[in-house]
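The lines below spell out each chain.
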Amino acid sequence: MLSYVLKRLAQLVVVAFIISVLVFLLVHLLPGDPTSIILGGNDTAANRQILLHQLGLNTPIYHQYWIWLIHALHGNLGQSYLTRETVGHVIASGFPIDVELIIISQVVAFAVAIPVALITARRPNRPLDNIATTGTFGLLALPPFLIAPILVAIFAVGLHWFPATGYVPFSQNPATNLHDMILPGLALTAGSIAVYYRLLRSDLIMTLQEDFITMARSKGLSDRRIMMRQAFRPSTFSLLAVAGVNIGALLAGTFIVEYLFAMPGLGYSIVQAVQQRDYLIVQGIALVVAIAYVVLQFIIDFLFTVVDPRVTRE
Amino acid sequence: MADERKLHSPGVSSSLGIFPGQTPPLVVAAALADPPADDDILAKRPLGALFWFALVWVAVVASMAIIANWLPLPNPNHQNYTAINASPGIHHILGTDDLGRDLLSRIIFGARVSLVVGFASVAIGMLIGGTLGLISGFKGGRLDVALNAGSFVILAFPAIVAVIAIVAFWGQTLAKITIIIGVGTVPIMFRVVRASSLAFANRDFVIAARTLGATGTRIVFREILPNVMPAAVSFGLITVAGVIVLEGSLAFLGLSVALPTPSWGNLIAEGTANGNLSINPYILMWPALAMFLLLLSINLIGDRLRQRFDVREGLL
């Protein structure tokens, strides 16, 4: 167990390092720098040189990376060139928003996908199964930028059930916060429902052909009991694996929803920072997302061992 | 049994790639795959009416987009201030937007962006990634190890940051966006074609061809390529749908083809801006419907082709 955790930690460090180097190279090698935005009307060559010197952007790129790395190892990720807000603060205020959006969308996705799969997998290719399976294609054709405006049009503008935009931190007012988060959370959920349902369904169909299910049937167990107690757990392998990938993709990808609902999450902050050449913000957020991704894989691996104890941690 | 079903071994990093916030194509493809089951449980289904509807829809959208210049349509960017926010009617079949521009015309011209970016960038990815994947899977050895590791590193990198940065600074033209996204799909295509090529590299007919003295090039293109094609094409179509979503997301943020060129993504964004949702919901409704039907059709066609060719190997 200990060696497993150590191995994972080493992996975390390597991934974080590679991602930070790649992101650093990417944002620095592209043309343009943040000076023109900061200087605005005073954008003369002389002013620009002074500013580049002040920001430490006139040294060789490896030197800049080295400075950033030393500070990052001391827990200082720098601050925005434009707003002077520290990167740590941007992350601390934005990350909870992404996490909350992902939790809402995934809870809804599992709550819909699992029961539907348990019902339809018992009789594949019957009408109910065909309807649900065709429905998944509809869900896959509803990406966030398509479904989010439709949800706003119906539930915010039409029915006034939810606000169209706005964000109140959870610590300020939990009830308002959750209420405001429902629409953006739902906007992210359609694709996940479709994928989880299809995977669980096809794994359940496979499991139901196995001998131990025949055994359970011959013992006279009810269908319901067989599905819940015998078939479900061994059928969750692909579901878990893909949930890991899918949540990872959502981690950096909530920006459409955050943009539309005017929420200061990490996804939108990084898009904005890339455009404004706010290097340290981009760098900091990319690092946090990469680390969160590795930690997520760690959790998924752990869940594998819970679902099937035969998978040992080596 | 359980081990066969594991889609990825624990710890293998995967496909953030260029598809954040949407379900990545590799995941969609894995989810759509049928369970290996007895034929009497999952009999091979005919292509079905839905497949033909989907094919007709894609064909209609594509041909309208191609002949748009010769159709009796108003200029998509012509602002007719005497017909602002017109409802659907005789003069404007789908109505007009808040600047008096004809919505049908904007949707038909906008289809060009989605279709060109969707199909051309996947073609680029297929050509480069697919060729590398074919060779890598067939040859093996150090080349395969290097390319494989490289594709994992690229896929683990949140490439959307790169896409946005490069689009913003290189230019927002149709050709450039197609190339940028096309390069982004290379590692995905590589992985799929490589997995498939690997599966065929040691089959009897390949060994037979080699024994007969066929060259490596001939084996790759005459023996392996035809067998890899079905999987590559059906997965390619699912990736086309993914790329159309990606372009739509970028356009929604104003990061795709520059305004005022219409694209479905920026039409949807326009439908949500300036209170248009309450004033004139048609601006949102028509492009959203068109996009929904196009994605639905492409995914359906890809899936039915996969079923027909019985493509089953794990993709992740």
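Residues numbered from 1 in each chain as written. Chains lettered and ligands numbered in written order. Predicted model: local features only at pLDDT ≥ 70, side-chain atom pairs only at ≥ 80, totals over all residues.

Peer 1: Break down the overall build of chain A for me, citing the residues and quoting the values.
Peer 2: Of regular secondary structure, chain A possesses 15 helices and 0 strands. Principal axes of the C-alpha set define a box for chain A whose edges measure 85 × 55 × 35 Å. Within chain A, counting contacts between residues at least 6 apart in sequence, those at least 24 apart form 73% of the total. (Helix = DSSP H or I, 4+ residues; strand = E, 2+ residues; numbered from the N terminus. Contact = placed C-beta atoms within 7 Å.)

Peer 1: Describe the overall build of chain B, listing the residues and the values that go with them.
Peer 2: Of regular secondary structure, chain B possesses 12 helices and 0 strands. Out of the 316 residues in chain B, the part that is buried amounts to 52%. Within chain B, contacts between residues at least 6 apart in sequence are counted, and of these 73% link residues at least 24 apart. (Buried ≥ 20, exposed ≤ 12 C-beta atoms within 10 Å, placed from the backbone.)

Peer 1: Mind laying out the environment of Asp33(A), listing which residues take part and the relevant values?
Peer 2: All names here are of chain A. Here Asp33 shows up in the loop between α1 (2–29) and α2 (35–39). Under the C-beta neighbour-count criterion, Asp33 is labelled partly exposed, with 19 such atoms within 10 Å. Sequence spacing of Asp33 and Ala45 is 12 residues, and the spatial spacing of their C-alpha atoms is 13 Å. Not counting residues within four places of it along the chain, the set of residues in contact with Asp33 comprises Leu57 and Arg277.

Peer 1: Explain the environment of Ala45(A) to me, using residue names and the numbers behind them.
Peer 2: Residues and elements named next belong to chain A. Locating Ala45 in the fold gives a position in helix α3 (residues 45–55). Judged by local crowding, Ala45 falls into the exposed class, with 7 C-beta atoms found within 10 Å. Between the alpha carbons of Ala45 and Tyr259 there is a distance of 35 Å; along the sequence they are 214 residues apart.

Peer 1: Which residues make up α1(A), and what values go with them?
Peer 2: With 28 residues, α1(A) ought to run about 40 Å at 1.5 Å a step, and its terminal C-alpha atoms sit 41 Å apart, in line with that. For α1(A), the complete set of buried residues consists of Val15(A), Ile19(A), Leu22(A), Val23(A), Phe24(A) and Val27(A). Contacts made by the buried residues of α1(A) are with α4 (61–73) and α15 (279–307) of chain A together with α6 (160–170) of chain B. (Expected span 1.5 Å × (residues − 1).)

Peer 1: Explain unusual backbone geometry residue by residue, including any values.
Peer 2: Positive phi outside glycine occurs at Ala262(A), with the angle close to 55 degrees. Among the secondary structure elements, Ala262(A) is positioned in the loop between α13 (255–260) and α14 (266–276).

Peer 1: Account for the domain arrangement of chain A, naming residues and giving values.
Peer 2: Residues and elements named next belong to chain A. Taken domain by domain, chain A holds domain 1 (2–73) and domain 2 (87–308). One C-alpha centre belongs to domain 1, the other to domain 2; they are set 33 Å apart. Residue-level contacts link 16 residues of domain 1 with 12 residues of domain 2. Broken down by element, the residue count for the side of domain 1 that touches domain 2 peaks at 11 residues, all from α1. Looking at the side of domain 1 that touches domain 2 residue by residue, the class counts come to 10 nonpolar, 4 polar and 2 charged. (Domains from an automatic or database assignment. Nonpolar A, V, L, I, M, F, W, Y, C, P; charged D, E, K, R; others polar.)

Peer 1: Mind laying out the nonpolar core, listing which residues take part and the relevant values?
Peer 2: Counting residues in hydrophobic clusters, the biggest one holds 168 residues, and the most contacted among them are Tyr196(A), Val242(A), Val282(A) and Val161(B). Of all the elements, helix α9 (residues 216–252) of chain B adds the most residues to this core, at 18 residues. Inspection of this core shows a minimum of three residues originating in each of domain 1 (2–73) and domain 2 (87–308) of chain A. Other than its neighbours up to four places away in sequence, Val161(B) contacts Val23(A), Leu26(A), Ile270(A), Val274(A), Val282(A) and Ala286(A). (Core = buried A, V, L, I, M, F, W, Y, C linked by C-beta atoms within 7 Å.)

Peer 1: Outline the environment of Phe237(A), listing residues and values.
Peer 2: Residue and element names in this part refer to chain A. For Phe237, the position within the fold is in helix α12 (residues 237–251). For Phe237, a count of 24 C-beta atoms within 10 Å corresponds to the buried category. For the pair Phe237 and Asp203, spaced 34 residues apart in the sequence, the C-alpha separation amounts to 8.2 Å.

Peer 1: Describe in detail the packing of helix α8 (residues 204–211) of chain B against α9(B), supporting the description with residues and values.
Peer 2: Helix-helix packing is described using two parameters, namely the angle between the two axes and the distance between the axes. Residues and elements named next belong to chain B. One way to put it is that α8 packs onto α9 with a least axis distance of 10 Å and a crossing angle of 150 degrees. As the angle between them shows, α8 and α9 are arranged roughly antiparallel. The two elements α8 and α9 cross, and the hand of that crossing is right-handed. Listed contacts from α9 to Phe205, Val206, Ala209 and Arg210 of α8 are Ile219, Glu223 and Ile224. The residue makeup of the contact of α8 with α9, split by class, is 5 nonpolar, no polar and 2 charged. (Axes fitted to C-alpha atoms, helices over the stretch in contact; angles between N-to-C directions. Parallel < 35°, antiparallel > 145°, perpendicular 65-115°, else oblique. Left-handed = near helix turned anticlockwise from the far one by under 90°.)

Peer 1: Give a description of the packing of helix α3 (residues 48–66) of chain B against helix α4 (residues 103–139) of chain B that names residues and reports values.
Peer 2: Residues and elements named next belong to chain B. It is at 8 Å that the axes of α3 and α4 come closest, and there the two elements cross at 110 degrees. With respect to their mutual orientation, α3 and α4 come out roughly perpendicular. In this structure, α3 contributes Val61, Ala62, Met64 and Ala65 to the contact, and α4 contributes Ile108, Ala111, Arg112 and Leu115. When the residues that make up the contact of α3 with α4 are grouped by side-chain class, the tally is 7 nonpolar, no polar and 1 charged.

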